[in-house]
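Chains, contacts and geometry: an overview
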Number of protein chains: 2
Amino acid sequence: MKRPTQADVAKLAGVSRATVSYVVNQTAGVPISPDTRARVLNAIERLNYAPDIRARSLRTGGSNTVGLLIPDLHNPHYWSIVQGVEDALRSEGLDLLLTSTSLDPNREEKALQTLSGRRVDALILTLSFPEQSKTTLTQLAANGYPVVTLGNSAFNVDAVIATYRNATAQVMDHLLGLGHTRIGFIFGVGSKELATNRMSIYQSSLAAANIRVDPELIDYSGVRIEDGYQAALRLLNRSPRPTALLVINDWLAIGALRAVDEIGLHVPGDISIASFDDTEMAAFLHPPLTSVRSNGHEMGHQAASLALERIRQPNRPIRRVQIEADLVLRQSTGPAPASQ
Amino acid sequence: MKRPTQADVAKLAGVSRATVSYVVNQTAGVPISPDTRARVLNAIERLNYAPDIRARSLRTGGSNTVGLLIPDLHNPHYWSIVQGVEDALRSEGLDLLLTSTSLDPNREEKALQTLSGRRVDALILTLSFPEQSKTTLTQLAANGYPVVTLGNSAFNVDAVIATYRNATAQVMDHLLGLGHTRIGFIFGVGSKELATNRMSIYQSSLAAANIRVDPELIDYSGVRIEDGYQAALRLLNRSPRPTALLVINDWLAIGALRAVDEIGLHVPGDISIASFDDTEMAAFLHPPLTSVRSNGHEMGHQAASLALERIRQPNRPIRRVQIEADLVLRQSTGPAPASQ
DNA sequence: TTGAAAGCGGTACCAA
DNA sequence: TTGGTACCGCTTTCAA
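Read on for a plain summary of the structure. (Residues numbered from 1 in each chain as written. Chains lettered and ligands numbered in written order. Predicted model: local features only at pLDDT ≥ 70, side-chain atom pairs only at ≥ 80, totals over all residues. Heavy atoms only, no water.)

1. Description of the protein's contact with DNA strand D
Neighbouring residues of DNA strand D: 28 residues in total, closest Gln-6, Arg-17 and Arg-59 of chain A together with Thr-19 and Thr-36 of chain B. A breakdown of the atoms of DNA strand D within 4 Å of the protein gives sugar and phosphate a share of 60%. The set of elements that each furnish at least two residues to the surface near DNA strand D consists of helix 2 (17-25) and helix 4 (53-60) of chain A together with helix 2 (17-25) and helix 4 (53-60) of chain B. For the surface near DNA strand D, the element with the most residues is helix 2 of chain A, which contributes five residues. Of the residues that constitute the surface near DNA strand D, the class distribution is 12 nonpolar, 10 polar and six charged. (Near = heavy atom within 4 Å. Helix = DSSP H or I, 4+ residues; strand = E, 2+ residues; numbered from the N terminus. Nonpolar A, V, L, I, M, F, W, Y, C, P; charged D, E, K, R; others polar.)

If you want it as structure tokens, here you go:
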């Protein structure tokens, strides 16, 4: 039981294959008599014909599709990126091909190859392991293939990056200003390189306040909620106990909140918690989270725009779009408890 | 700057296109001399050649890819479905093509067509608007195209369905047993048809306990957290106030928890909350949610297995896999408050 | 207004 | 062990 092809339609309608193509695509400048058109349409209907996109794309050279690579399905931040890309693409009538690498370094490069092997019109990449994927990516770019990196500007391609510098400094100042001196950091990220800048600002902010950076207060956890929970338990068992926790994303912060709760402490009375991303849920948690907003939707949208521009203007100079993160204050941060 | 093709490689290596194909695919039964192989490999390397998957798939008839349609990126339940599908596929070396419809009825059918137009080897569909997509889907199935529906068994195709019947009755009995008589229902679902069975059990359970089904206690909300929050506010403003809230999924339950909090009430002291899906976060919320677990990962995994079977055995009889939801009790449900 | 045929980039059969 | 070539399903000149 094979799917019907253009030829089947042509035969049934008693026309040539070219004619079928004309009516299917409403090809400009090729007038078709109402009668023929009707016969073709009828045949299509009866056979339930739908064109083979592979063949069309092979012939025309364009696929009308953009490929998107994201690292991990578990972090809601990425879903807003996907949503942003999708919205932008859809409004231009393009399709989205989505792949996740589940934070597997080997998968990432393979996925890259698969995606580009499909000859999608452009690639939007949120890399977790830039080092691993470097060769493949560089070669693609060298071939003139439209590539946009998201959250990474280490390659010679269009890029969208969130600049966490100021906002991270702000959140640290916020915590320091509230009198916190022992600030734990739950650093659960797929690949360390992704967030080194945030780490270094965490450290330099402490240094600027004349506070020693205590390695015991930095926890390199996994990326699941459970990992955030465990990390928080570990940190809260240090003594003296930290009075604030900075968490690398909202998702892990959920786990941290639970840990505080189970130990019988309160947020923000005993422990302040601040995180990154400000995803949809942040404002609704208990208590609502102070979070550094990095607007995934906007990032996705911009990335898609860059991709479209590049498709239409292959030779325009490389562009980098920066999206400035900002701090959203809510109830999960407060003054450090008076004494310890 | 076009990407190199097989022909380019052949020319550079001084061999025929066929030979290139042989070494690329390590075609069984076609021995290639070490020398030629080396020359070809070298040419591939130098040109940075990667085969065009469209062309290959066109010729071979298989794409090694399964398409997955999900309704909505906002509900974490779907994330776990995607993850389940992906895991199953990956272990068999297949690729995943993901599309979301953002709960737009028009998009759903269009996405269906795009996906099938790509001639992926199979389609896994989580339909929100079965009525709209009926024609397209039926025709695909009639053509013998491998299709698996997830959460819907209304079509004559392989299907994975979660049976909520028992677990929903259980959660209702649980609440009724705790003395709740006014149980609100936040029914925020992309399309009503998706959860009518849960609704009817909600109603019949009440009836069986001789409790009138109060339409005022059923809130048809949207699908975002904010919607769940607003719905809860509305319900909690009824008088007499409901003492328990059943929420159609964990995501909306986050909003409901927030609403209770803001009104100054407590869960479960004043209000019990139970929801569906039992996604990763449920156990970590404040308080941990009583939830009907429908194991999205398992559903996705099973769906992928059915798809694979169907690909390999196009004529095997249609199979339906049922996944029984079960109730997970946590701290968000408790005895109804003594008096009102 | 319609049709014939070349070709997109591969695969695989058959011959050499 | 390698090469020639028909063909997958479509688009797009060019001619009729």
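2. Quick word on the relation of the copies chain A and chain B
When chain A is fitted to chain B, the residual RMSD is 0.1 Å, and the transformation amounts to a turn of 180° plus an axial shift of 0.0 Å. Taken together, the rotation and translation describe the operation of a two-fold axis. Most of the interface of chain A is mirrored in chain B, where 98% of its interface residues are also at the interface. (Least-squares fit on C-alpha atoms with pLDDT ≥ 70 in both. Contact = heavy atoms within 4.5 Å.)

3. Quick word on the sheet that holds strand 7 (residues 218-219) of chain B
Two pairing modes exist for strands in a sheet, parallel and antiparallel, and in both the strands are linked by backbone hydrogen bonds. Residue and element names in this part refer to chain B. Taken together, six strands build an open sheet; the order of strands is 7-6-8-9-10-12 and the sheet is mixed. The open sheet has two edge strands, strand 7 and strand 12 (326-328), and neither has a second partner. Pairing between strand 10 (residues 290-293) and strand 12: three bridges, direction antiparallel. Looking across to strand 12, one finds that Ser-291 is bridged to Val-328. Across the face of the sheet, helix 8 (residues 165-177) comes into contact with strand 6 (183-186), strand 8 (244-247), strand 9 (272-277), strand 10 and strand 12 while running at roughly 40° to strand 12. Sheet strands touched by helix 10 (residues 225-236): strand 6, strand 7 and strand 8. Its angle to strand 6, the strand with the most contacts, is close to 155°. (Pairing = 2+ DSSP bridges. Axes fitted to C-alpha atoms, helices over the stretch in contact; angles between N-to-C directions.)

4. Looking at the protein's contact with DNA strand C
The full set close to DNA strand C counts 29 residues, and Thr-19, Thr-36 and Arg-59 of chain A together with Arg-17 and Tyr-22 of chain B are the nearest of them. Backbone sugar and phosphate groups make up 58% of those atoms of DNA strand C lying within 4 Å of the protein. Within the side chain of Thr-19 of chain A, an N or O atom sits 2.6 Å from a phosphate oxygen of DNA strand C. At a separation of 3.0 Å, a base nitrogen of DNA strand C approaches a polar side-chain atom of Arg-59 of chain A. Residue assignment for the surface near DNA strand C shows that the elements contributing at least two residues are helix 2 and helix 4 of chain A together with helix 2 and helix 4 of chain B. (Polar contact = N/O pair within 3.5 Å; in protein donor to acceptor, adjacent residues only side chain to side chain.)

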